[in-house]
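Given next are the chains, with one letter for each unit.
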Amino acid sequence: ACTGIENIDEAITLLEQNNWDLVAAINGVIPQENGILQSEYGVETLHGPAYGPSSHSAAASSAPSSSSAFRHVVPSRQIVERQPRMLDFRVEYRDRNVDVVLEDSSSVGDIKHILENELQIPASKMLLKGWKTGDVDDSTVLKSLHLPKNNSLYVLTPDLPPPSSSHSGALQESLNQNFMLIVTHREVQREYNLNFSGSSTIQEVKRNVYDLTSIPVRHQLWEGWPPSATDDSMTLAASGLTFPCHRLTVGRRSSPVQTREQSEEQCTDVHMVSDSDGDDFEDATEFGVDDGEMFGVASSALRKSPMMPENAENEGDALLQFTAEFSSRYGDCHPVYFIGSLEAAFQEAFYGKARDRKLLAIYLHHDESVLTNVFCSQMLCAESIVSYLSQNFITWAWDMTKEANRARFLTMCTRHFGSVVAQTIRTQKTDQFPLFLIIMGKRSSNEVLNVIQGNTTVDELMMRLMAAMEIFSAQQQEDIKDEDEREARENVKREQDEAYRISLEADRAKREAQEREMAEQFRLEQIRKEQEEEREAIRLSLEQSLPPEPKEESTESVSKLRIRTPSGEFFERRFLASSKLQVVFDFVASKGYPWEEYKLLGTFPRRDVTQLDPNKSLLEVKLYPQETLFLEAKE
């Protein structure tokens, strides 16, 4: 009320610095020239240092403990001289952090002027965000903002041209979106909130529902599918489902509805547990919540089932219960939570193609925090936040209420992000929850871009999400460029490998053809040799079987035959006139001209001797006393 500080953590830090001396803490924040505390008994002007308990002992002792009230007023008599107060600022812009130290008499424009030199960004293009108060412009004096010693700010540059990005078609965008299907099991009146990508098919949805309800796909009776969803092989993106949430009802086609007793057995017992005393909430008005609202929310939350079973074995089943319980508490308009393990969420967000990658948002819930109900109902379920998260983030959730689940998440956090991030989350107090972690995947590690606590506003949450997206977009463009270059190199290599493979195939085919040709030549040569050997054997046999050639002075009648070969050579032999014509045929065959392949022709008159009866004598066929014959190959 005195200082205008709404950040509870900042107020507690100031009190700790002043050993929980309320008066000293207030005077340490209020500018010293206004540092006058007025009680109902009079006015006291403060002298001396701002952080000395002795300087405030009179005020502390004179005011009654039961009805003391303080307010700061402008002094009418005396102005106390003081030294300039130095303020430290840590300013974040994309992947850079700039430290700025200057007096509280400086203005916001002075900070921008320093950042202009450091970041090489015109001051007129900067939006300096992160102030705890309302509207702030360049002429605002820092002293009037009542800032603590250390401050964190961040810079946005919406007027600068954003990095170029390629956009796929509407269908491709739908394939990359996540659909939340709220499936009601009719027989047991239980809802399941299932998260599917747009590329999943209706058949995959039905199979997953079979795992949850034990109703085989062929026995499932559905209500709520769009008229265009006529084929189970159709993707969710093309089926006409309502984005981001769509309600469906499933029941068993052939079996009767469960009895009332069976349904009651499947319901979770609800217990109301409350060990809090009234003293725990006596300062609830400081958070902007009256007693009735505070106790109403707390009682309502305590009556509900836990967000997640304690020491859950399967992360997917735990997330299913978390989503269902979140919907029952805060309604159906909420972020689409990824159903699966944290490793699976990493795979979905970081390890696809560079154009399809997204940021990972991890929501850490805590039922015992006084900020949880307001954060979930007013910020996390705001339509603008839900839409922005659905388009740009993969959202994964975990409940930190139970110690076993908290320990399990810290173990996962240490494994994936390192001990520093795990220790940061471990040191968070209950009233600082819920937490929203923004994770960006890099080539070798996962980087935590931001840790957003529950004491924030919708505008501030949106600005921090947009700031994270600005950093992610710059990194994504680099990844897309690297991926395109890598794919181009791989395409060239694939083309070279394919050309080499085709060349090897051609060489192998050529070699095989040559081998076949050689084998065929070898086979033909073998056949030729065998035929020649057979013919030679026949020739020798015929030559040996010929009767001896009669001598010229023989007393018997002798016929002299002169035979001309196709090559023009002549060979002569004498035969007895009584010898059969077959003997002439055998003689010609013994010379390599079998009568099956050659015909023996006479000259005058021209006749085919091979057509004559081979058993007749030479005298009978008129080849006596001499005759000239010639050989001719048969066609």
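Residues numbered from 1 in each chain as written. Predicted model: local features only at pLDDT ≥ 70, side-chain atom pairs only at ≥ 80, totals over all residues. Heavy atoms only, no water.

Engineer: Is there a simple way to think about the overall build of the protein chain in this case?
Structural biologist: Check the secondary structure of the protein chain and you find 16 helices and 19 strands. Taken over 635 residues, the protein chain has a buried fraction of 40%. Considering only contacts in the protein chain between residues 6 or more positions apart, those separated by 24 or more positions represent 65%. (Helix = DSSP H or I, 4+ residues; strand = E, 2+ residues; numbered from the N terminus. Buried < 20%, exposed > 50% of the residue type's maximum accessible area, 1.4 Å probe, protein only. Contact = heavy atoms within 4.5 Å.)

Engineer: How should unusual backbone geometry be read in this particular structure?
Structural biologist: Peptide bonds are, in most cases, trans, and in most cases residues other than glycine have a negative phi. Of note, the amide linkage connecting Phe-433 to Pro-434 takes the cis form, showing an omega dihedral of 0 degrees. Each neighbour pair has its own omega, and for Tyr-624 with Pro-625 the value is 5 degrees, a cis peptide bond. Residue placement: Pro-625 occurs in the loop between strand 18 (607-608) and strand 19 (626-633). Its identity as a non-glycine residue notwithstanding, Asn-19 has a phi of 55 degrees, on the positive side. Among the residues examined, Asn-19 registers a relative accessible area of 70% and is labelled exposed. The phi angle at Gln-189 is positive, at roughly 55 degrees, despite the residue not being glycine. Classification of Gln-189 by relative accessible area gives exposed; the value is 62%.

Engineer: Looking at this model, I keep getting lost on the nonpolar core. Mind explaining?
Structural biologist: Soluble, globular proteins show a tendency: their nonpolar side chains are buried together. Counting residues in hydrophobic clusters, the biggest one holds 60 residues, and the most contacted among them are Leu-360 and Trp-396. Top element by residues in this core is helix 15 (residues 458-545). It accounts for seven residues. (Core = buried A, V, L, I, M, F, W, Y, C linked by side-chain atoms within 4.5 Å.)

Engineer: So what exactly am I meant to see when it comes to the packing of helix 12 (residues 383-392) against helix 15 here?
Structural biologist: Packing of helix 12 against helix 15 brings their axes to within 10 Å, and their N-to-C directions diverge by 15 degrees. The pairing of helix 12 with helix 15 is recorded here as roughly parallel in orientation. Crossing geometry of helix 12 relative to helix 15 is assigned as left-handed. Taken together, the residues of helix 15 that come into contact with helix 12 (itself represented by Ser-384, Ile-385, Tyr-388, Leu-389 and Asn-392) are Val-458, Leu-461, Met-462, Leu-465, Met-466 and Met-469. Residue composition of the contact of helix 12 with helix 15, grouped by class: nine nonpolar, two polar and no charged. (Axes fitted to C-alpha atoms, helices over the stretch in contact; angles between N-to-C directions. Parallel < 35°, antiparallel > 145°, perpendicular 65-115°, else oblique. Left-handed = near helix turned anticlockwise from the far one by under 90°. Nonpolar A, V, L, I, M, F, W, Y, C, P; charged D, E, K, R; others polar.)

Engineer: Where do I start with the sheet that holds strand 6 (residues 150-156) in this structure?
Structural biologist: Two pairing modes exist for strands in a sheet, parallel and antiparallel, and in both the strands are linked by backbone hydrogen bonds. Spatial strand order, 4-3-6-5: four strands in an open sheet with mixed pairing. Both outer strands of the open sheet, strand 4 (96-103) and strand 5 (127-129), are each paired with one neighbouring strand and no more. The average angle at which neighbouring strand axes cross in this sheet is 30 degrees, direction not considered. As paired elements, strand 3 (residues 86-93) and strand 6 share five bridges and run parallel to each other. Along strand 6, the bridge assignment pairs Glu-92 with Tyr-154. Of the strands in this sheet, strand 3, strand 5 and strand 6 touch helix 15, which is tilted by about 60 degrees from strand 6. (Pairing = 2+ DSSP bridges.)

Engineer: Mind showing me how you'd approach the packing of helix 15 against helix 16 (residues 581-590) here?
Structural biologist: The relative placement of two packed helices is expressed as an angle between their axes plus a distance between the axes. The contact between helix 15 and helix 16 brings their axes to 8 Å, and the two run at 135 degrees. For the element pair helix 15 / helix 16, the angle class is oblique. Crossing hand, helix 15 versus helix 16: left-handed. From helix 15, Arg-539, Leu-542 and Glu-543 reach across to helix 16, where they touch Asp-586, Ala-589 and Ser-590.

Engineer: Is there a simple way to think about the packing of aromatic side chains in this case?
Structural biologist: The description of an aromatic ring pair uses the distance of the two centres, along with the angle that the planes make with each other. Here the structure, examined in full by the defined rule, presents 20 aromatic pairs. Between Phe-326 and Tyr-363, the ring centres sit 6.4 Å apart and the planes meet at 85 degrees, which makes this aromatic pair edge-to-face. Taken together, the positions of Phe-326 in helix 9 (residues 315-330) and Tyr-363 in strand 11 (residues 359-365) put the pair 37 residues apart, joining distant regions of the chain. Each member of the pair, Phe-326 as well as Tyr-363, carries the same accessibility label: buried. Judged by centre distance (6.4 Å) and plane angle (20 degrees), the rings of Trp-396 and Phe-409 are stacked. In this pair, Trp-396 sits in strand 12 (residues 393-399) while Phe-409 sits in helix 13 (residues 403-417), placing the two residues 13 residues apart along the sequence. Here the two residues Trp-396 and Phe-409 agree in accessibility, since each one is buried. (Phe/Tyr/Trp six-rings, centres within 6.5 Å; stacked < 30°, edge-to-face > 60°.)

Engineer: Just checking my understanding: could you explain the environment of Thr-157 for this structure?
Structural biologist: Within the fold, Thr-157 resides in the loop between strand 6 and helix 5 (170-176). Judged by relative accessible area, which is 5%, Thr-157 ranks as buried. Taking C-alpha positions, Thr-157 is 6.0 Å from Lys-125, a pair spaced 32 residues apart along the chain. Once you skip the residues sitting within four places of it in the chain, Thr-157 turns out to touch Tyr-93, Ile-121, Lys-125 and Glu-470.

Engineer: Even after reading the chapter, I still don't get the pairing of strand 10 (residues 245-252), so can you show me in this structure?
Structural biologist: In the case of a regular strand, side chains alternate between the two sheet surfaces. Direction of pairing for strand 7 (residues 178-185) relative to strand 10: parallel, over a ladder of six bridges. Along strand 10, the bridge assignment pairs Ile-182 with Arg-247. One ladder, built from four bridges, connects strand 9 (residues 220-223) with strand 10; its direction is antiparallel. Looking at strand 10, one finds that Gln-220 is bridged to Arg-252.

Engineer: Looking at this model, I keep getting lost on helix 14 (residues 419-426). Mind explaining?
Structural biologist: Since one α-helical turn is 3.6 residues long, residues separated by three or four positions face the same way. For helix 14, the set of buried residues is Val-421, Ala-422 and Ile-425. The arc that holds the buried residues of helix 14, viewed along the axis, is 100 degrees, so those residues lie on one side. Along helix 14, the residues that are exposed and aim more than 90 degrees away from the buried face are Ser-419 and Val-420. If you follow the buried residues of helix 14, they end up packed against strand 11, helix 13, strand 13 (435-441) and strand 14 (446-452). (Arc of directions from axis to C-beta.)

Engineer: Sorry, what's going on with the sheet that holds strand 13 here?
Structural biologist: The mixed open sheet is built from four strands, whose spatial order is 12-11-13-14. Only two strands of the sheet have a single neighbouring strand rather than two, namely strand 12 and strand 14. On average, adjacent strands in this sheet sit at an angle of 25 degrees to one another, irrespective of strand direction. Relative to strand 12, strand 11 runs parallel, the two being bridged by seven bridges. Directly across from Leu-364, in strand 12, lies its bridge partner Trp-398. Strand contacts of helix 12: strand 11, strand 12 and strand 13, with the helix running at about 110 degrees to strand 12, the strand carrying the most contacts. Sheet strands in contact with helix 13 are strand 11, strand 12, strand 13 and strand 14, and its direction is about 140 degrees off that of strand 12.

Engineer: I would appreciate a short explanation of the pairing of strand 13 in the present structure.
Structural biologist: The buried count for strand 13 comes to seven of seven residues, which makes it a mostly enclosed element. Burial along strand 13 is two-sided: the residues Leu-435, Leu-437, Ile-439 and Gly-441 and Phe-436, Ile-438 and Met-440 are all buried. Both strand 13 and strand 14 contribute to a ladder of six bridges, which runs antiparallel. Note that in strand 14 the partner of Met-440 across the bridge is Glu-447.

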